[in-house]
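Below, each chain spelled out in residue letters.
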Amino acid sequence: MTDVSIQATENGPLKVRGPIELTDAEGGHIEVQSETVFLCRCGGSMNKPFCDGTHSKVGFQGATAAVREAEES
Ligand code: FES
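By convention here, each chain's residues receive numbers from 1 onward along its written sequence. Where totals are concerned, whole chains, interfaces and linings use all residues; where local detail is concerned, this predicted model gives features only for residues with pLDDT of at least 70, and gives and counts side-chain atom pairs only at 80 or more. Processing note: side-chain calculations cover all non-hydrogen atoms of the structure and skip hydrogens and water entirely.

> I'd like a description of the overall build of the chain, backed by residues and values.
A tally of regular secondary structure across the chain gives one helix and five strands. The numbering of helices and of strands both runs from the N terminus, where a helix is a DSSP run of H or I of at least 4 residues and a strand a run of E of at least 2. Each helix and strand of the chain, ordered N terminal to C terminal, gives the series β-β-β-β-β-α. In terms of overall dimensions, the chain has a C-alpha envelope of 45 × 35 × 25 Å along the principal axes. Looking at the chain residue by residue over its 73 residues, the buried ones come to 22%. In the chain, 25% of the contacts between residues at least 6 apart in sequence involve partners at least 24 apart. Using a 1.4 Å probe, accessible areas were evaluated by the Shrake-Rupley method; residue-level cover was limited to the displayed protein chains. Surface summary for the chain: the accessible area is close to 5,900 Å², and the carbon and sulfur share equals 47%. The chain carries 6 positive and 11 negative side-chain charges, and their two centres are separated by 10 Å. Working definition: with a 1.4 Å probe on protein chains only, accessible area under 20% of the residue-type maximum means buried, over 50% means exposed, and in between means partly exposed. Only heavy atoms matter for contacts: two residues are in contact if any of them lie within 4.5 Å across the pair. Just so you know, the count uses Lys and Arg for positive and Asp and Glu for negative, and it drops His and the chain ends. Positions of charges follow a simple convention, taking NZ of Lys, CZ of Arg, CG of Asp or CD of Glu.

This is the structure:
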């Protein structure tokens, strides 16, 4: 069983719980202050990769349920 969980919040960030190592696209270490972090998924944060609350100002609407790939027959 994993010690890490990731939950999409309603119209907000991804809530990540557990011991994680966070890196940027170039592999650079990003300091994580807590075992619970909120990662931006709206693209508007000025503090990426972390959420700064901008999602509520820009009216971000995230999917409320997992979207499965369409099955075509
Ligand atoms: S999800 Fe909160 S600022 Fe992007």
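> Any chance you could break down the environment of Thr64 for me, citing the residues and the numbers?
As for its position among the elements, Thr64 is in the segment after α1 (54-58). For Thr64, a relative accessible area of 74% gives the class exposed. For the pair formed by Thr64 and Phe50, sequence separation is 14 residues and the distance between their alpha carbons is 20 Å.

> Describe the nonpolar core, naming the residues involved and giving the relevant values.
In this text, buried Ala, Val, Leu, Ile, Met, Phe, Trp, Tyr and Cys residues form a nonpolar core when linked through side-chain atoms within 4.5 Å. In terms of nonpolar packing, the biggest core is built from seven residues, these being Val16, Leu22, Ile30, Val32, Val37, Leu39 and Phe50. Every residue in contact with Leu22, bar those within four places of it in the chain, is listed here: Gly28, His29, Ile30, Val32, Leu39, Pro49 and Phe50.

> How would you summarise the sheet that holds strand β1 (residues 5-8) if you had to cite specific residues and measurements?
When DSSP finds two or more bridges between a pair of strands, those strands are recorded as paired. Taken together, three strands build an open sheet; the order of strands is β1-β2-β5 and the sheet is antiparallel. A strand with exactly one partner marks an edge of an open sheet, and here the two such strands are β1 and β5 (36-39). The mean angle between the axes of side-by-side strands here comes to 20 degrees, regardless of whether they run parallel or antiparallel. Judged from the four bridges that link them, strand β2 (residues 14-17) and β5 form a sheet pairing that is antiparallel. When the bridges of β5 are listed, Leu14 appears paired with Leu39. All axes are obtained by fitting lines to C-alpha atoms, using only the stretch in contact for helices, and the reported angles, taken between N-to-C directions, cover 0 to 180 degrees.

> Describe unusual backbone geometry, with residues and values.
A cis amide bond links Lys48 with the next residue in sequence, Pro49, at an omega value of 10 degrees. Counting through the fold element by element, Pro49 comes out in the loop between β5 and α1.

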